[in-house]
Amino acid sequence: MIEQPTLVTERLVLRPFTLADADDVQRLAGAEEIADTTLNIPHPYADGMAETWIESHAYAFRERVRVALAITESGVLVGAISLRLDLGHARAELGYWIGLPFWGKGYATEAAVAMVGYGFEELGLNRIFAHHLARNPASGRVMEKTGFTHEGFHRAHVLKNGRFEDLHSFAVLRADQS
């Protein structure tokens, strides 16, 4: 059986989550500011949700549908990053969140560069795409710094907390990396 990867950057270790991370995931991802700027993180983040999410990772990796890793710095959990895989089309969707106390330190960009490299080099992907809510321009800056190209703006594309949100789309191709 292939193990979930561990990726090492200059400052970070991206590693598989363990159940020992659950309290930190609930605390960090459960912050209202994180839920407000991401599409799929609920608020409040109820007890047991982190454990359920973490327990889903090994199966999702084995089934080749998702790679989800903890972003850590000096052993401290600072966020999460994932690729939602569509290997039949050699593509994946990049997603990430960084805990509020760690914003503005470049962790998302550093982790995204590593994950994109893993996607192209190890998974044989051709395309990696990502989206961000229009009112979260910091996420768009991460995508740009990671080499993604802005591909579109979708008006009132998603429903978040009872209101329609505009969405920006970005992507990077394997060919862009040369």
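What counts, and where the lines are drawn
Residues numbered from 1 in each chain as written. Predicted model: local features only at pLDDT ≥ 70, side-chain atom pairs only at ≥ 80, totals over all residues. Heavy atoms only, no water. Helix = DSSP H or I, 4+ residues; strand = E, 2+ residues; numbered from the N terminus. Rg over C-alpha atoms; globule rule 2.2 N^0.38 Å. Buried < 20%, exposed > 50% of the residue type's maximum accessible area, 1.4 Å probe, protein only. Contact = heavy atoms within 4.5 Å. Areas by Shrake-Rupley, 256 points an atom, 1.4 Å probe, with all protein chains shown as cover. Lys, Arg positive; Asp, Glu negative; His and termini not counted. Charge placed at Lys NZ, Arg CZ, Asp CG, Glu CD. Salt bridge = Lys/Arg side-chain N within 4 Å of Asp/Glu carboxyl O. Phe/Tyr/Trp six-rings, centres within 6.5 Å; stacked < 30°, edge-to-face > 60°. Pairing = 2+ DSSP bridges. Axes fitted to C-alpha atoms, helices over the stretch in contact; angles between N-to-C directions. Core = buried A, V, L, I, M, F, W, Y, C linked by side-chain atoms within 4.5 Å. Right-handed = clockwise from strand over helix to strand, strands pointing away.

**Looking at the overall build of the protein**
Thinking step 1. Along the backbone of the protein there are 5 helices and 8 strands.
Thinking step 2. Counting from the amino terminus, the protein carries its helices and strands in the arrangement β-β-α-α-α-β-β-β-α-β-α-β-β.
Thinking step 3. Its C-alpha atoms give the protein a radius of gyration of 15 Å, within 12% of the compact-globule value 16 Å for 178 residues.
Thinking step 4. In terms of overall dimensions, the protein has C-alpha extents of about 45 × 40 × 30 Å along its principal axes.
Thinking step 5. Taking all 178 residues of the protein together, 47% fall into the buried category.
Thinking step 6. The contacts in the protein between residues at least 6 apart in sequence include a share of 60% that link residues at least 24 apart.
Thinking step 7. For the protein, the accessible surface area stands at approximately 9300 Å², while carbon and sulfur atoms represent 51% of it.
Thinking step 8. The average position of the 17 basic charges and that of the 23 acidic charges among the side chains of the protein differ by 5 Å.

**Focus on the pattern of salt bridges**
Thinking step 1. Inspection of every chain in the model, using the stated rule, returns 10 salt bridges.
Thinking step 2. When the shortest N-O distance is used, the salt bridge between Arg11 and Glu110 registers 2.7 Å. Highlighted residues: Arg11 in the loop between β1 (7–8) and β2 (12–15) and Glu110 in helix α4 (residues 107–121), separated in sequence by 99 residues.
Thinking step 3. What makes Glu110 buried here is its relative accessible area of 16%.
Thinking step 4. The closest approach of N and O atoms between Asp24 and Arg27, which form a salt bridge, is 3.0 Å. A residue pair is termed a helical-turn pair when its members lie 3 or 4 positions apart in one helix, as Asp24 and Arg27 do in helix α1 (residues 22–29) at 3 residues.
Thinking step 5. Here the salt bridges share partners, and the residues they tie into one network are Asp36, Arg135, Arg163 and Glu165.

**Considerations on the packing of aromatic side chains**
Thinking step 1. Scanning all chains against the criterion turns up 1 aromatic pair.
Thinking step 2. On the numbers, 4.9 Å between centres and 65° between planes, the contact of Phe17 with Trp53 is edge-to-face. A residue pair is termed long-range when its members are at least 10 positions apart, and Phe17 in the loop between β2 and α1 and Trp53 in helix α3 (residues 49–62) qualify at 36 residues.
Thinking step 3. Residue classification places Phe17 among the buried residues on the basis of a relative accessible area of 8%.

**Observations regarding the pairing of strand β7 (residues 149–160)**
Thinking step 1. Here β7 pairs with strand β8 (residues 163–173) via 8 bridges, running antiparallel. Counterpart to Thr149 in the pairing with β8 is Ala171.
Thinking step 2. Once β7 ends, the chain turns through 2 residues before running back antiparallel as β8, passing Asn161 with a positive phi of about 50°.

**Quick notes on the sheet that holds β7**
Thinking step 1. The mixed open sheet is built from 8 strands, whose spatial order is β1-β2-β3-β4-β5-β6-β8-β7. Two strands bound the open sheet, and with one partner strand each, they are β1 and β7.
Thinking step 2. Contacts between α1 and the sheet are confined to β4 (76–86) and β5 (91–98), with β4 contributing the most and set at about 85° to the helix.
Thinking step 3. Packed on one face of the sheet, α3 meets β3 (66–73), β4 and β5 and runs near 130° to β3.

**A closer look at the nonpolar core**
Thinking step 1. Of all hydrophobic cores here, the largest spans 50 residues; its most connected members are Ile81, Leu83 and Leu94.
Thinking step 2. With 9 residues, α4 is the largest single contributor of residues to this core.
Thinking step 3. Excluding its chain neighbours within four sequence positions, the residues that come into contact with Ile81 are Leu14, Val67, Ala68, Leu69, Ile71, Leu94, Gly95, Tyr96, Ala111, Ala112 and Met115.

**Regarding the pairing of strand β6 (residues 127–133)**
Thinking step 1. Of all the 7 residues making up β6, 5 are buried; the element is thus mostly covered by neighbouring parts of the structure.
Thinking step 2. In this sheet, β6 lies alongside β5 in parallel orientation, the contact comprising 3 bridges. Following the sheet pairing, Arg91 is matched in β6 by Arg127.
Thinking step 3. Regarding the hand of the β-α-β motif, the stretch spanning β5, α4 and β6 is right-handed.
Thinking step 4. In this sheet, β8 lies alongside β6 in antiparallel orientation, the contact comprising 7 bridges. Bridge pairing in β8 links Phe129 to Ala171.

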